[in-house]
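As a plain string of letters, each chain reads:
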Amino acid sequence: MKSARSKTPARKPVNRPKGSNMLSKDPVQVYCRLRPMQSSDVSCMKPTSSTTVVITPPESATNFRTMNKEIQTTFSHIFIPDVTQKEIFKMVALPLIENLVQGRNGLLFTYGVTGSGKTYTMTGEPQDGGIMPRCLDVIFNTIANYQTKKFVFKPDKLNGFDVQSEVDAMLERQQELHAGLTQRGGKSVKYRKVDSDEDSNPLVAHERNESQIVTIDPDNAYSVFVTYVEIYNNSVYDLLDEDDIRSKALQNKIVREDGNKNMYVHAVTEIEVKSAEEAFDVFQRGQRKRRVAHTALNAESSRSHSVFTIRLVQAPLDCEGERVMQDKRVVCISQLSLVDLAGSERTNRTKNTGQRLREAGNINNSLMTLRSCLEILRENQSQGTNKMVPYRDSKLTHLFKNYFDGEGQVRMIVCVNPRADDYDETIQVMKFAEMTQEVQTIRPTAPKLELGFTPGRRQANKIFKEARSKLEKEGRAEAADLKVDLGLVYSLGGPFPELETITPDNDQVIPTLIQFLEQRINKRNVLRADLMRKQNDFRKMLVAVEQENINLKIEAASLKAANSQQKMKIATLEGHLCEAETQIDTLLCKLSGANDTIRSLQQEIKERDLALNQRLMEKQRVKQKYNTKMQAETDKMNKELEIKLRQQRERLQSQMKEKEDKLRRVKKILADNNDIGPALLIPQKEQVPESAGKVFSDTEIRKSRKDNIPVSNPRYRRSRSADRWVDHRPGALVPLGTVLQPLMKKRRSVTRLTSPKEIDGASKYCLVAQEQDTDGELETKLYKGDILPTSGGGAQVVFNDMECLKQISPKARKRSGSREEANRAAVPTEIYPKKPRITSAE
């Protein structure tokens, strides 16, 4: 877009000498609000007019006898108990909002005794908001259509603001959105620093209470930033710092002075808000961290001074009225500080001890420092002295030093509880409030931004965009090349400056008026030359339009002839269309007949499918019947097989009993034969396996007597603790993996005995043999005996034990169909002890 002016004049700063007599001064305006009385309390105050209240000392007062007189105090206005929050806001805070929008600073205190209604006056209730929520409503109602997008104005950490381009602002908005989505994935817990005896601080929900708006410059772009700090024990803490929430401890902040000699809290969190609801949510987040505690005078008494600051940043739009100027020098910053002071109190009434007593002492010290500063200011102004004001003695006075030096308008609301019990504290508050009214502050002047731009350029740019979008919707090709000309909005500048002279020394009025008139004359010359140029351009445009009109008439005549020919063609096409519609009707009839045929065929298919399903069901029933019959036959065969197996098992058990009887008889014979001895019999063929016979056939046998009976050495003695085994395993054995194995700690394994020397030093002998039982299962037999030396120098083995290891397969037994056999198969190994047998070798 092109502008009517190609050059932008530089901004001329306005010099404002501090402390000059040429600048007008205003007294600090102090308002008094009386709290409603309870029915059981006795009042000691009576308002006599809208500005005067009379205080009568009760008999319970400390100095009742010495000062038994009524005291009359005067304020800017007295708010009686039944006054509404809206009336207080309109009289006290609305002028501060107007100054804020015009670029001037403001400061509002609420001061009084604990429990007098300071916090209620400042925040109010959900249905009846106080001063702070109503201020937010009016500000955002005023700048609703003139706000910038987020992050266009960015704090520079030095109490100023930088202006970012639209691209940089959009990148930061995307980063904030991504960070917000990341944090939602998890749970965040917010902490609030409270004392152990502290109650929960009630928070006020925000509801719209004000719909007023104030005058605003439509050619500026606005943005609102808020900060919330508290001054606790003469230390400044940031209530909006997210890092403090994670660390659960608030960090002390430093009060510094910026390049323009303005005081600010260094590294404080400034949050940009775009609505009153968002700003109030920020306030509630900080309110949760504010320190409150229970005292004898108030259930939730504020233990710190809270400062909620609203900063309005505004900058002019460029010459086209579309973007914010990227020059930091043209940015105007104004702020409104809403201070809720902690209540002044006496320790003999609050009964505070420990931490509460220390907090009360710091609160009273800061309030005393505020009173001292105001008293010295009044003395300097009334008597012409130049005493140093002790702003630095308290963080509260140090932070607001600029307001008392003339950087903004100061107002105070004194909240009073008129009951007689609070007389001693209330009278001190009244005296301090009357003294405060005698202090005068320099009237702030709004900075003037004379950039030479045309007023109303935002609205002109909006009208131009609407017109161009309308042309684009209509399909005009020239809409894309259309350029806006803001010179159509003619103006010679703003209103005339104030011509009122307050003091005889005020000689700045005439030079200011001359400078203003010179600017108007220059603008008038520029606009006149621009008007002449536009008139010439308009004449040329009219000639071009007339020529274009003639050409369009000729073109319209040719179009009429072409239109008549097109009508004839249309009539011919309509005849063809009628024939086509007739053919379509015929085809539709054929299509309906084909559809009927398809439906009949589909019905036939369904009937056949139904018959087929019935056949399949019949086959399924026959198959199920056959399976049932087969199952019955199988069960019958299994029962017969079980009977046969039971009979076979009984037969084998009878055979085993016969063998055991034979073994018992042999044992009895051996026991009765004392002449032969216990170690002379050789096991029979069915008792010793073939492998055992092979062992002794391969061994050299020495005969010591004619009857071939070896004789042991009766003097041989051995120790059982020194037993050594000979593990004889002839051939390859099948590993069964059974749990029961012979315990042989010291053993020597051999597969073949060829010489008696192989069993020298051993005292135990074990022969392992494997064979199949009557059921075809593999069993392992362990023949154990003692090795004894003979008198002829040889050795003999006395078999005294035999173990039988058998492994049975449960599955094989289960297939046989016998439940009894399956129960036996559950035992993996059986051991059958046998009668001892004796053999020998020399």
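Residues numbered from 1 in each chain as written. Predicted model: local features only at pLDDT ≥ 70, side-chain atom pairs only at ≥ 80, totals over all residues. Heavy atoms only, no water.

> Got a sec to walk through the packing of aromatic side chains? Specific residues and values, please.
Going through the model one piece at a time under the given rule, you end up with 10 aromatic pairs. Each ring, one from Phe161 and one from Phe225, has its centre 4.7 Å from the other, and the planes form 45°; the classification is tilted. A residue pair is termed long-range when its members are at least 10 positions apart, and Phe161 in strand β9 (residues 161-163) and Phe225 in strand β10 (residues 220-232) qualify at 64 residues. A relative accessible area of 1% places Phe161 in the buried class. Among the residues examined, Phe225 registers a relative accessible area of 2% and is labelled buried. Ring centres of Tyr228 and Phe283 lie 5.2 Å apart, and the angle between their planes is 35°; on these two criteria the pair is classed as tilted. (Phe/Tyr/Trp six-rings, centres within 6.5 Å; stacked < 30°, edge-to-face > 60°. Helix = DSSP H or I, 4+ residues; strand = E, 2+ residues; numbered from the N terminus. Buried < 20%, exposed > 50% of the residue type's maximum accessible area, 1.4 Å probe, protein only.)

> Can you break down the nonpolar core residue by residue, with the values?
With 51 residues, the main nonpolar core has Phe109, Phe400 and Phe404 as its most contacted residues. Counting residues in hydrophobic clusters, the runner-up holds 47 residues, among them Phe79, Val83, Ile97 and Val226. (Core = buried A, V, L, I, M, F, W, Y, C linked by side-chain atoms within 4.5 Å.)

> Let's hear about the environment of Lys46: which residues, and what values?
Counting through the fold element by element, Lys46 comes out in strand β3 (residues 45-47). In contact with Lys46, not counting residues within four places along its chain, are Val53 and Val54. (Contact = heavy atoms within 4.5 Å.)

> I'd love a proper account of the environment of Glu379, names of residues and values included.
Along the polypeptide, Glu379 turns up in helix α8 (residues 355-383). Residue classification places Glu379 among the partly exposed positions, given a relative accessible area of 22%. When the C-alpha atoms of Glu379 and Glu438 are compared, they prove to be 9.5 Å apart, with 59 residues separating the residues in sequence. The contacts of Glu379, once residues within four sequence positions are left out, are Gly384, Thr385 and Lys387.

> Which residues make up the UniProt feature "coiled-coil region" (unreviewed entry) in the chain, and what values go with them?
As recorded in UniProt, the feature "coiled-coil region" (unreviewed entry) lies at residues 542-604 and 631-669. Note that residues 631-669 is 100% helix and 0% strand, and that its end C-alpha atoms are spaced 58 Å apart. (UniProt positions renumbered as here; feature names shortened; annotations may be inferred.)

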